[in-house]
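Residue-level structure breakdown
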Amino acid sequence: MCLLDPGLKLWYLSNMNRALSQRLEAELPRRLAELLGLSERQVRVERPPSLRGGRPGEVDLIAYAGDLIFVVECGAKGDVASALMAARQAKHFADRWKRKSIPLVAVPYMGEVGRRLCDEGKVSWLDLSGNAHLFGPPGLRVQIEGKANQFKRPGRPRTVFAPKSSRIARCLLLEAHQAMTQRELAKAAGLDEGFTSRIVRQLEAQLLVAREANGAVKVADFDALLDAWREAY
């Protein structure tokens, strides 16, 4: 399993909408209580424990809901990149933690491809728009869909798949079997190296490309990169 480098995760999270992140944390107990038929008093949320020698936990929250324990990774968006990153972080922590727990992704609104990625990875998810897929121990199965996105913003969202920057994804997908230096990638895409470097760093932070020891980059997850481009398009 590919785990996001801590430095890249910090860079990515620093670009999250802080107000949305705080809202996710504040509303998580109420949303879990509603979905599981519990009172809010039966749901407790806290920061995660350390797994290695005092280092911070690798997910955002631990939620205790009745007899269930959820390890929760929050995202500012439910697009492919955010869902993929959050799902891997939550599942990685749940697999390593000694207590039996359920990986859970919480976002403002989960997109179609993000839902599929979470479901395929056996990671539960919920959004603040009212949709959710929760599953885990025998008897736990909650599925709510069809609620509209309450967090749409006017105008075209910024994306690494804009007409100009998408040339980089196209070149990477066409040469998915080999790694390319950023100089080679910039030349193939017809872009300057500074612009190429910025887009590659964003793709890398979103776990869509991986960097080799010599600095060359290649597609990390072909299907996810293609799905992310399709969803943005």
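Our structure is the block above this text.
This is a predicted model, so every value here is computed, not measured.

Conventions we followed
- Residues numbered from 1 in each chain as written.
- Predicted model: local features only at pLDDT ≥ 70, side-chain atom pairs only at ≥ 80, totals over all residues.
- Heavy atoms only, no water.
- Helix = DSSP H or I, 4+ residues; strand = E, 2+ residues; numbered from the N terminus.
- Buried < 20%, exposed > 50% of the residue type's maximum accessible area, 1.4 Å probe, protein only.
- Contact = heavy atoms within 4.5 Å.
- Areas by Shrake-Rupley, 256 points an atom, 1.4 Å probe, with all protein chains shown as cover.
- Pairing = 2+ DSSP bridges.
- Right-handed = clockwise from strand over helix to strand, strands pointing away.
- Patch = residues over 30% accessible without salt bridge, like charges linked within 9 Å, V, L, I, M, F, W, Y side chains within 5 Å.
- Salt bridge = Lys/Arg side-chain N within 4 Å of Asp/Glu carboxyl O.
- Lys, Arg positive; Asp, Glu negative; His and termini not counted.
- Charge placed at Lys NZ, Arg CZ, Asp CG, Glu CD.
- Axes fitted to C-alpha atoms, helices over the stretch in contact; angles between N-to-C directions.
- Parallel < 35°, antiparallel > 145°, perpendicular 65-115°, else oblique.
- Left-handed = near helix turned anticlockwise from the far one by under 90°.
- Nonpolar A, V, L, I, M, F, W, Y, C, P; charged D, E, K, R; others polar.

To continue, consider the overall build of the protein. A count of helical and extended segments in the protein gives eight helices and nine strands. Within the protein, the fraction of its 233 residues that count as buried is 50%. The long-range fraction of contacts in the protein, counting pairs at least 24 apart against all pairs at least 6 apart in sequence, stands at 55%. Roughly 12300 Å² of accessible area belongs to the protein as shown, and the carbon and sulfur atoms make up 49% of that amount.

Every buried residue belonging to helix α5 (residues 166–174) is among Ser 166, Ile 168, Ala 169, Cys 171, Leu 172 and Leu 173, and all of these are buried. Where α5 is buried, its residues meet α6 (182–189), α7 (193–205), β8 (209–211), β9 (217–219) and α8 (222–232).

A separate point is the pairing of strand β5 (residues 124–127). Burial along β5 is two-sided: the face carrying Ser 124 and Leu 126 and the face carrying Trp 125 and Asp 127 are both buried. Judged from the four bridges that link them, strand β4 (residues 102–107) and β5 form a sheet pairing that is parallel. Opposite Val 107, over in β5, you have Asp 127 as the bridge partner. Handedness of the crossover joining β4 and β5 through helix α4 (residues 112–120) is recorded here as right-handed. Pairing of β5 with strand β6 (residues 132–135), which is carried by two bridges, proceeds in the antiparallel orientation. Opposite Trp 125, over in β6, you have His 133 as the bridge partner.

Moving on to a positive patch on the surface. Residues Lys 164, Arg 167, Arg 170 and Arg 198 make up a contiguous surface patch of positive charge. Position of Lys 164 among the secondary structure elements: in the loop between β7 (141–144) and α5. Judged by relative accessible area, Lys 164 falls into the partly exposed class, the value being 41%.

Okay, the packing of helix α3 (residues 80–96) against α4 next. Where α3 contacts α4, the axes come no closer than 8 Å and their chain directions differ by 20°. Our classification of the angle between α3 and α4 gives roughly parallel. For α3 against α4, the interelement crossing comes out right-handed. On α4, the residues that touch Val 80, Ala 83, Leu 84 and Ala 87 of α3 are Val 113, Gly 114, Leu 117 and Cys 118. The class makeup of the residues in the contact of α3 with α4 is seven nonpolar, one polar and no charged.

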